[in-house]
Amino acid sequence: MTRRCPVTPEAINQYWVASRSRLDLWHQTLARFTQARASGDATRLRRWWDQHTGVLEEIMVSEIMTRVVVAVAEGVDRGAAKDDFLPIAHAIHLSHLEARNRVQATLLDRRGCAVADAVRLNQLRRMVERWIDTLVGNLAATDERLIRYGVDAIRVRSHAAEARETRTIADFETIGWLTRTAMMEGLQRKLSPRVSLPRANQAVANSILLMMRSDMFDSVGTLKSLWMHRMEADVALADQMLEEFLQGDLDQSKTASAMDLMHAATLAQWFR
């Protein structure tokens, strides 16, 4: 995490603008609940729940990304010895927590909400918290200071310890694939099929994609596959080896020297 390139100012600015815009829409929705509750009109309250339950779901689920982004921001700024990304990400994180707390207060009030919807939303909240701790735990495996961005510190430490036991790239990729699949399937079972704020959510998602390294995307903006990254790495290694072998002094070639040492060790095993 700390070895990656710093996030560009354009990406940070877009993340701030998109997130603030979505937060404003969330608070407008929650303000309408306060108005409906003050009116004492049961029909108006029930209509609010029918129209805006999806917004409550999105506030809870998107907290996963907000916490991951602020954890990554701290790692990026610490690795670059700068303070460019974290203040923005932390401000969005705190604002999201405020919106989440208002959602929880609305669930506790529950006037106008069907019992089945209240139960489902509470189950979604608990599921989101577990996934937050899983993802933050993986980040905290290399930096324990990031544990504070989880929900349950004990659970985060447990996931961090498990992540540190992952030894090979293949194991890491398999665990990552299983985690993404399980998270998507689990959340989709608890979410409404209709998206409430598609444009606002897409704007935030685009800003997060903009934070990623440009070499992760191809010329048309599509995320490169793992196979493509491996092929590019092999090509880069081959170019480096050719360049070093063409040098005047082969002994100064790091790649050639390493290969020579490996061959010498192999020959020693067979001809000693």
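Residues numbered from 1 in each chain as written. Predicted model: local features only at pLDDT ≥ 70, side-chain atom pairs only at ≥ 80, totals over all residues. Heavy atoms only, no water.

Q: Go over the overall build of the protein chain with me, naming the residues and quoting the values.
A: Helix and strand content of the protein chain: ten helices and zero strands. The buried share of the protein chain, reckoned over its 272 residues, is 36%. Taking the intrachain contacts of the protein chain between residues at least 6 apart in sequence as the baseline, contacts between residues at least 24 apart amount to 68%. Within the structure as shown, the protein chain displays about 16,700 Å² of accessible surface, and the carbon and sulfur contribution to it stands at 58%. (Helix = DSSP H or I, 4+ residues; strand = E, 2+ residues; numbered from the N terminus. Buried < 20%, exposed > 50% of the residue type's maximum accessible area, 1.4 Å probe, protein only. Contact = heavy atoms within 4.5 Å. Areas by Shrake-Rupley, 256 points an atom, 1.4 Å probe, with all protein chains shown as cover.)

Q: Give a detailed account of the environment of Val151, specifying residues and quantitative values.
A: Within the fold, Val151 resides in the loop between helix 5 (115-140) and helix 6 (153-164). Owing to a relative accessible area of 34%, Val151 belongs among the partly exposed residues under this scheme. When the C-alpha positions of Val151 and Glu129 are compared, they lie 6.2 Å apart, and in sequence the two are 22 residues distant. Residues contacting Val151, with those up to four places away along its chain left out, are Arg67, Glu129, Ile132, Asp133 and Val156.

Q: Lay out the nonpolar core in plain terms, naming residues and giving numbers.
A: Nonpolar side chains in soluble globular proteins tend to be buried together. If you look at the biggest cluster of nonpolar residues, it comprises 56 residues, and the most contacted ones within it are Trp49, Phe85 and Leu187. If you list the elements that add at least two residues to this core, you get helix 1 (9-39), helix 2 (42-61), helix 3 (63-80), helix 4 (86-109), helix 5, helix 6, helix 7 (169-190) and helix 8 (198-210). For this core, the element with the highest residue contribution is helix 5, accounting for ten residues. Not counting chain neighbours up to four residues away, the residues in contact with Trp49 comprise Phe33, Leu56, Thr106, Leu107, Arg110, Arg111, Gly112, Cys113 and Leu121. (Core = buried A, V, L, I, M, F, W, Y, C linked by side-chain atoms within 4.5 Å.)

Q: Any details on the pattern of salt bridges? Residues and values, ideally.
A: Under the criterion given, the structure shown has 14 salt bridges. In this structure, Asp117 engages Arg46 in a salt bridge whose closest nitrogen and oxygen atoms are separated by 3.8 Å. One end of the pair, Asp117, is in helix 5; the other, Arg46, is in helix 2, and 71 residues separate them in sequence. The salt bridge involving Asp143 is made with Arg145; its shortest N-O contact spans 3.2 Å. Judged by relative accessible area, which is 51%, Arg145 ranks as exposed. Linked by salt bridges that have partners in common, Arg46, Asp50, Glu57, Asp117 and Arg120 make up one network. (Salt bridge = Lys/Arg side-chain N within 4 Å of Asp/Glu carboxyl O.)

Q: I'd love a proper account of the confidence of the model for the protein chain, names of residues and values included.
A: Mean pLDDT over the protein chain stands at 83; residues scoring 70 or higher make up 76%. Note that pLDDT drops below 50 for residues 261-272; the model gives that stretch zero contacts with residues more than four away or on any other chain. (pLDDT = per-residue confidence, 0-100.)

Q: Which residues make up the packing of aromatic side chains, and what are the values?
A: Within this structure, the stated rule accounts for three aromatic pairs. With 4.9 Å between their ring centres and 55° between their planes, Phe33 and Trp48 make a pair best called tilted. Taken as a pair, Phe33 in helix 1 and Trp48 in helix 2 lie far apart in primary sequence, 15 residues in all. For the pair shown, Phe33 and Trp48 are each scored as buried. Arranged with centres 5.2 Å apart and planes meeting at 90°, the rings of Trp48 and Trp49 form a pair that is edge-to-face. The two residues Trp48 and Trp49 agree in class, both being buried. Of the aromatic side chains, those joined through ring pairs into one cluster are Phe33, Trp48 and Trp49. Positioned above the aromatic ring of Trp16 is the side chain of Arg20, whose terminal nitrogen or guanidinium carbon lies 5.7 Å from the ring centre. (Phe/Tyr/Trp six-rings, centres within 6.5 Å; stacked < 30°, edge-to-face > 60°. Lys NZ or Arg CZ within 6 Å of the ring centre and 35° of its normal.)

Q: Go over the side chain of Arg100 with me, naming the residues and quoting the values.
A: If you trace the backbone, Arg100 turns up in helix 4. A residue is classified by how much of its surface remains accessible, and Arg100, at 12% relative accessible area, is buried. A distance of 3.2 Å separates the side chain of Arg100 from the side chain of Glu63, its partner in a polar contact. (Polar contact = N/O pair within 3.5 Å; in protein donor to acceptor, adjacent residues only side chain to side chain.)

Q: Explain the side chain of Asp133 to me, and be specific about the residues and the numbers.
A: Along the chain, the position of Asp133 falls in helix 5. Exposure remark for Asp133: the relative accessible area of 0% places this residue in the buried category. Not counting residues within four places of it along the chain, the set of residues in contact with Asp133 comprises Gly150, Val151, Asp152, Arg155, Val156 and His159.

Q: Can you explain unusual backbone geometry? Please cite residues and give values.
A: One non-glycine residue with positive phi stands out, namely Ala81, at about 55°. In this structure, Ala81 sits in the loop between helix 3 and helix 4.

Q: How would you explain the packing of helix 2 against helix 5 if you had to name every residue and give the values?
A: The geometry of helix 2 relative to helix 5 is characterised by a closest axis approach of 10 Å and an angle of 10° between their N-to-C directions. Classified by the angle their axes make, helix 2 and helix 5 are roughly parallel. Residues Arg46, Trp49, Thr53, Leu56, Glu57, Met60 and Val61 of helix 2 touch helix 5, and the partners they reach there are Asp117, Arg120, Leu121, Leu124, Arg125 and Val128. Residues belonging to the contact of helix 2 with helix 5 are distributed by class as follows: seven nonpolar, one polar and five charged. (Axes fitted to C-alpha atoms, helices over the stretch in contact; angles between N-to-C directions. Parallel < 35°, antiparallel > 145°, perpendicular 65-115°, else oblique. Nonpolar A, V, L, I, M, F, W, Y, C, P; charged D, E, K, R; others polar.)

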